[in-house]
Amino acid sequence: MTITGASAEVRSRRLSPLELVDSVLGRIEQVEPRLRAYTTVTADRARQAARQAEREAAAERFRGPLHGIPMGLKDLIDVAGLPTTASSQVRVDHLAAADSAVASRLADAGAVLVGKTHTHEFAYGLITPQTSNAVDHGRIAGGSSGGSAVAVAAGAAMFALGTDTGGSIRVPAALNGVVGLKPTYGLVPRHGVTSLSWSLDHVGPITRTVEDAALVLPALVRHDPCDPAGLRAPATSYEPHADPDLNGLRVGVPRNYYFDRVDPEVEAAVRRAIEQLRSLGAEPVEVEIPMTRYIQAIQWGLMVPEAASYHERTLRSAAELYGPDVRVLLEAGELVLAGDYLRAQRARTLMREAWMRMFDQVDVIAAPTVPATAAHVGQDAVTWPDGVTESLADCYVRLCAPANIAGIPALTLPVGRDQGGMPIGMQLMGRPLDETTVLHVGHAYERSTTTPASPAEARPEPPADLTPTAR
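Keep in mind that what you see is a predicted model, and the values were worked out from it rather than measured.

Caption draft 1: Structural context of the packing of helix H9 (residues 295-310) against helix H11 (residues 324-333). It is the contact of H9 with H11, at a shortest axis distance of 7 Å, that shows an interaxial angle of 100°. Relative to H11, the element H9 lies roughly perpendicular. Between H9 and H11, the residues in contact are Trp300, Val304, Pro305, Ala307 and Ala308 and Leu329, Leu330, Ala332 and Gly333, respectively. Taken together, the residues that form the contact of H9 with H11 break down as 8 nonpolar, 1 polar and no charged.

Caption draft 2: Local environment of the pattern of salt bridges. Going through the model one piece at a time under the given rule, you end up with 20 salt bridges. The salt bridge partner of aspartate 386 is arginine 261, with a shortest N-O separation of 2.9 Å. Of this pair, aspartate 386 sits in the loop between strand S10 (381-383) and strand S11 (389-391) while arginine 261 is found in the loop between strand S7 (250-254) and helix H8 (264-279), placing the two residues 125 residues apart along the sequence. What emerges from the salt-bridge pattern is a single network uniting Arg250, Asp363, Arg431 and Asp434.

Caption draft 3: Just the sheet that holds strand S4 (residues 159-164), in detail. One open sheet accounts for 11 strands, arranged S1-S3-S2-S4-S6-S5-S12-S13-S9-S7-S8; its pairing is mixed. Each of the sheet's edge strands pairs with one partner strand only, and the pair in question is strand S1 (38-41) and strand S8 (283-287). Recorded for the sheet is a direction-independent mean angle of 30° between the axes of neighbouring strands. In this sheet, S8 lies alongside S7 in parallel orientation, the contact comprising 5 bridges. Counterpart to proline 254 in the pairing with S8 is valine 287.

Caption draft 4: Geometry of the packing of aromatic side chains. One pass over the structure, following the stated rule, counts 3 aromatic pairs. Taking 5.9 Å as the distance between ring centres and 40° as the angle between the ring planes, the aromatic pair formed by phenylalanine 122 and tyrosine 322 counts as tilted. Separated by 200 residues along the polypeptide, phenylalanine 122 in the loop between strand S3 (112-117) and helix H5 (146-153) and tyrosine 322 in the loop between helix H10 (312-317) and H11 bring together distant segments of the chain. Of the two residues examined, phenylalanine 122 and tyrosine 322, each falls in the buried class. Ring centres of tyrosine 257 and tyrosine 258 lie 5.4 Å apart, and the angle between their planes is 90°; this geometry places the pair in the edge-to-face category. Looking at tyrosine 257, the relative accessible area reads 10%, which means it is buried. Relative accessible area serves as the criterion here: at 0%, tyrosine 258 is assigned to the buried category. The aromatic ring of phenylalanine 62 is capped on one face by arginine 11, whose charged end is 4.5 Å from the ring centroid. When the ring centre of phenylalanine 259 is taken as reference, the NZ or CZ atom of arginine 271 above it lies at 3.8 Å.

Caption draft 5: Highlighting the side chain of arginine 105. With respect to the helices and strands, the residue arginine 105 is situated in helix H4 (residues 101-108). Buried charged residue arginine 105 carries no salt bridge. Nearest counter-charge: aspartate 224, at 4.7 Å.

Calculation notes
Residues numbered from 1 in each chain as written. Predicted model: local features only at pLDDT ≥ 70, side-chain atom pairs only at ≥ 80, totals over all residues. Heavy atoms only, no water. Axes fitted to C-alpha atoms, helices over the stretch in contact; angles between N-to-C directions. Helix = DSSP H or I, 4+ residues; strand = E, 2+ residues; numbered from the N terminus. Parallel < 35°, antiparallel > 145°, perpendicular 65-115°, else oblique. Contact = heavy atoms within 4.5 Å. Nonpolar A, V, L, I, M, F, W, Y, C, P; charged D, E, K, R; others polar. Salt bridge = Lys/Arg side-chain N within 4 Å of Asp/Glu carboxyl O. Pairing = 2+ DSSP bridges. Phe/Tyr/Trp six-rings, centres within 6.5 Å; stacked < 30°, edge-to-face > 60°. Buried < 20%, exposed > 50% of the residue type's maximum accessible area, 1.4 Å probe, protein only. Lys NZ or Arg CZ within 6 Å of the ring centre and 35° of its normal. Lys, Arg positive; Asp, Glu negative; His and termini not counted.

This is a description of form; function is not addressed.
Written out as structure tokens, the structure reads:
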């Protein structure tokens, strides 16, 4: 059930917020033993909030489209009185003293928290090892917002928030067949959200549809003086046009980088999706992606030392509590020289300027979100037909990192499945603060390839069994 459909049902009083929340909590109870998407399930708190939403609905005091909608929050996001563990033994006893900016705003919008979702420890990885893929339990969920993506894909939340430093919203969304939006850097406040790399971190929604993402985003956007990178963006409606017509819109199709060393099934699905955009009136325009040889060096050159700086104190006092994969990255970050970090910052400035010149030619860029579908559990690398072996971290971050470096909005949406039934994602990237165009293009594709259920057809049904797929 989508937020759009559920919101209409709640507003019309055909569905109560308590019924909706109970349905999602029932789904969590059924699938959580196999999926392990949540660190904490807040059932009592959720039902209390749902009853309040129901009383407000009875008095026709609706807070907006998220009124009574069940959500999950990545366990980096503070909610007063609840643990923020970052899925780490380092913080196993940590309780948040106050709400983060985004948690507070979603509560004000009427959304109902059903739980905190797993992340790769401190968001420093692309796997989320605790959590299973929602489509095939023998495959990885993706990360670091794996719990949020799996919860949404499995119907265990109607939307969830994730964070994205090098693809951590978009990667798990693509691998689980849902929608993930990384907004413009600084548009959504990060106060009260555990940082991985402050110059690359973004907070954004994971949803079932593009239209749902456009409903969640306005609740998150408002300047927060506590976020030093926060933007004062003009008030904007992110609601996509109902008409999928894309006449006059230019879609950039990379001639380099984004289709290099990509699984053939992924490339074919994304190119079919681009042709679908052409059929809606868009004009595909070939573009040359600038400074490609520096992308991963810039990403790691910024992220690794910033993460090490954030964890410096606990790395000295409790290093043994970190997982081995995260600890080695943090220790490596302490070896990066200040001069190298500054060179990465300067290169990022040059790259951002080059991308802005590229957007003089096009309105959005369409490309694969990740080069391959979800890897099998235990797999740590991908070997390509040309004989090159690439670590999973490098594979999954490679196509997502440019949008973090440039700070531009990026949306992933499902555009097909491979022969094994695993989802494939297409990424749409736009100019800074032009989420409206990115969402419009994504919604146009979505509307042209699916027939959304009406609210009456979208009533909750009994949870289906989730049996692991044998592969």
